[in-house]
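Observations on the model geometry
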Amino acid sequence: MTVADVGPATTVRTVGHWIGGRGEYSSRTLPVLDPATGAAVADMAVGSAETVARAVAAAQDSWPQWRDRTIVSRTRVLARWAALVREHTDELAASIALENGKTLDDARGELARGADALDAAVAGGAGLKGELVEQTGSAVDTAMTLHSLGVCVGISPFNFPVMVPLAQASFALAAGNTFVLKPSEQDPGPALRIAELATQARIPDGVFNVVNGDRVTVEHLIDHPNVAAVAFVGSTPTARSVYARAAANGKRAQAFGGAKNHLVVMPDANLAAAADAVTSAAFGSAGQRCMAVTTAVAVGDVADRLVRELAIRARAIRIGAAHTTGTEMGPLISKDAQTRVRDSVSGAIADGAVAVVDRSTEQPDGHPDGFFAGPAILDHVTADMEVYRHEVFGPVLGIVRVDSFDDAVTLIENNPYGNGSAIFTSDGASARAFQRRVPTGMVGINVPIPVPVATFGFAGWKASAFGDTGLHDASWRFYTRPKYVTSRWDESRTGIDLGFRPN
């Protein structure tokens, strides 16, 4: 597929479900919009309670056979799936760009990360190792083995329509579970395509399913008695709600929410490198990343110099549709998102922030109805301002000025979110103190978006995550449950003992 094929669609297709290895449709639909034009490019089938029941039944029926396959047999299928995702990168990137709005290069990066998650899950034997201790009693051995849960549900966000589903499903499937994915209703097409590729990779029918829909569909999935676990990525209010509902239904749950990621720039930092990093991390994907840098914390006399460098870079960013040559930043996902971003900028200015750059109302030529908002840099932001306290989820960067390193750390400590944080410095002592003290799940040292590779975990702290496990390699324990086996093979032992004997 060429770049030209990513242009505005002329026909509206239907995005259905994928249940038991085949497509299925529903009478009720919702429109899927091209964020660059505001025009409908698809109708998405909305799953009912009956749709959910069929998907869960397909997953439940296929679980025993999938669970009992060897680990190597399961992971070979995942390896083929990863190869197909890479083979179809251009096609999938075009689909992401059309429905999500992110640039083709950004979409390709997402796909690479998704395939990496499959690769990491292929090493399933390492993550599924149990434990054995001999002689825990006289002639008694005790073992712990890990077992799959059954049907697992993944609820994924609009901003990573392929990477997050693959991060959720890959480790679940490698561990012997079956899976039902509920993609975002705003860009469901790519998820349906990776389901088709899963079947092409010879994942058995019913092992990986997709049910499209809305909030009601999600509630049916969480409430279904045969669903064992629920994994969610989205906003903090929804994450909290999903976690509570899943727990109330006796499900295992992990729910990842919003963030306010800080990047601290010390006076001794390489200023050009720091300014490049902040710009990339704040405005990539139009700021619609849970690990986007939303707050640059300028320490001491670096502030004025940093702001000047950031302004130069923000003014030069080229916004436009994904299929437009030279586009560096695409539109926001929806009209509501556009309104929220613009209101956040105007509200911050009213609260006393200084708009160093304000391109939030900018519309690129030829796209008057697209959901665009250009970069905005707000200086002299304070911790009591609305724009600091709440996640904007758009291309809005706040500059908070502090006097010292300790002030920067205290600012992060007092923030209710704890997804990621970073520091740019040439001083090892400051870097080491930062990584030990900041209460965030992921920390970058001269790295602006510290998302580890898939062989490590992905997990936030505080209001950014609900549950005790993370994504990627940290999810083996989420997708398995331990069984403890105590055994004795000394048949010479006889006699009745009604006491509670020590080992």
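A brief report on the enclosed structure follows. None of these values were measured; they are calculated from a predicted model.

Secondary structure assignment for the chain yields 15 helices and 25 strands. Compactness check: the chain gives a C-alpha radius of gyration of 24 Å against a globular reference of 23 Å for 503 residues, within 12% of the reference. C-alpha extents for the chain along the principal axes are approximately 85 × 60 × 35 Å. Residues counted as buried form 56% of the 503 residues belonging to the chain. Taking the intrachain contacts of the chain between residues at least 6 apart in sequence as the baseline, contacts between residues at least 24 apart amount to 74%. When the accessible surface of the chain is totalled, it reaches about 20600 Å², and 52% of it is carbon and sulfur. Taking the 45 positively charged and 53 negatively charged side chains of the chain as two groups, their mean positions are separated by 5 Å.

Attention now goes to the packing of aromatic side chains. Enumeration according to the criterion identifies 7 aromatic pairs in this entry. Note on Y243 and F466: the rings are 6.2 Å apart at their centroids and 40° apart in plane angle, and the pair reads as tilted. One end of the pair, Y243, is in helix α9 (residues 236–248); the other, F466, is in strand β23 (residues 465–466), with 223 residues separating them in the sequence. Y243 gets classed as partly exposed once you look at its relative accessible area, which sits at 31%.

This next bit is on the side chain of E99. With respect to the element layout, E99 can be found in helix α3 (residues 89–100). For E99, a relative accessible area of 1% puts it in the buried group. In terms of polar contacts, E99 uses its side chain to reach the side chain of R13, at 2.2 Å. Here the side chain of E99 touches G189 through a polar contact of 2.9 Å, landing on its backbone nitrogen.

Before going further, it helps to examine the sheet that holds strand β14 (residues 293–299). Sheet architecture is open: 7 strands sit in the order β15-β16-β17-β14-β13-β19-β20, paired in mixed fashion. Where the open sheet ends on each side, the last strands, each with one partner, are β15 (354–358) and β20 (442–445). Across this sheet, the average inter-strand angle for adjacent strands is 20°, counted without regard to direction. In this sheet, strand β16 (residues 376–379) lies alongside β15 in antiparallel orientation, the contact comprising 4 bridges. When the sheet's bridge partners are listed, V354 is paired in β16 with D379. Helix α10 (residues 271–283) rests against β13 (261–265), β14, β16, β17 (396–402) and β19 (420–424) of the sheet, and its axis sits at about 135° to β17.

Thresholds applied
Residues numbered from 1 in each chain as written. Predicted model: local features only at pLDDT ≥ 70, side-chain atom pairs only at ≥ 80, totals over all residues. Heavy atoms only, no water. Helix = DSSP H or I, 4+ residues; strand = E, 2+ residues; numbered from the N terminus. Rg over C-alpha atoms; globule rule 2.2 N^0.38 Å. Buried < 20%, exposed > 50% of the residue type's maximum accessible area, 1.4 Å probe, protein only. Contact = heavy atoms within 4.5 Å. Areas by Shrake-Rupley, 256 points an atom, 1.4 Å probe, with all protein chains shown as cover. Lys, Arg positive; Asp, Glu negative; His and termini not counted. Charge placed at Lys NZ, Arg CZ, Asp CG, Glu CD. Phe/Tyr/Trp six-rings, centres within 6.5 Å; stacked < 30°, edge-to-face > 60°. Polar contact = N/O pair within 3.5 Å; in protein donor to acceptor, adjacent residues only side chain to side chain. Pairing = 2+ DSSP bridges. Axes fitted to C-alpha atoms, helices over the stretch in contact; angles between N-to-C directions.

The quantities given are spatial measurements derived from coordinates; they are silent on function.
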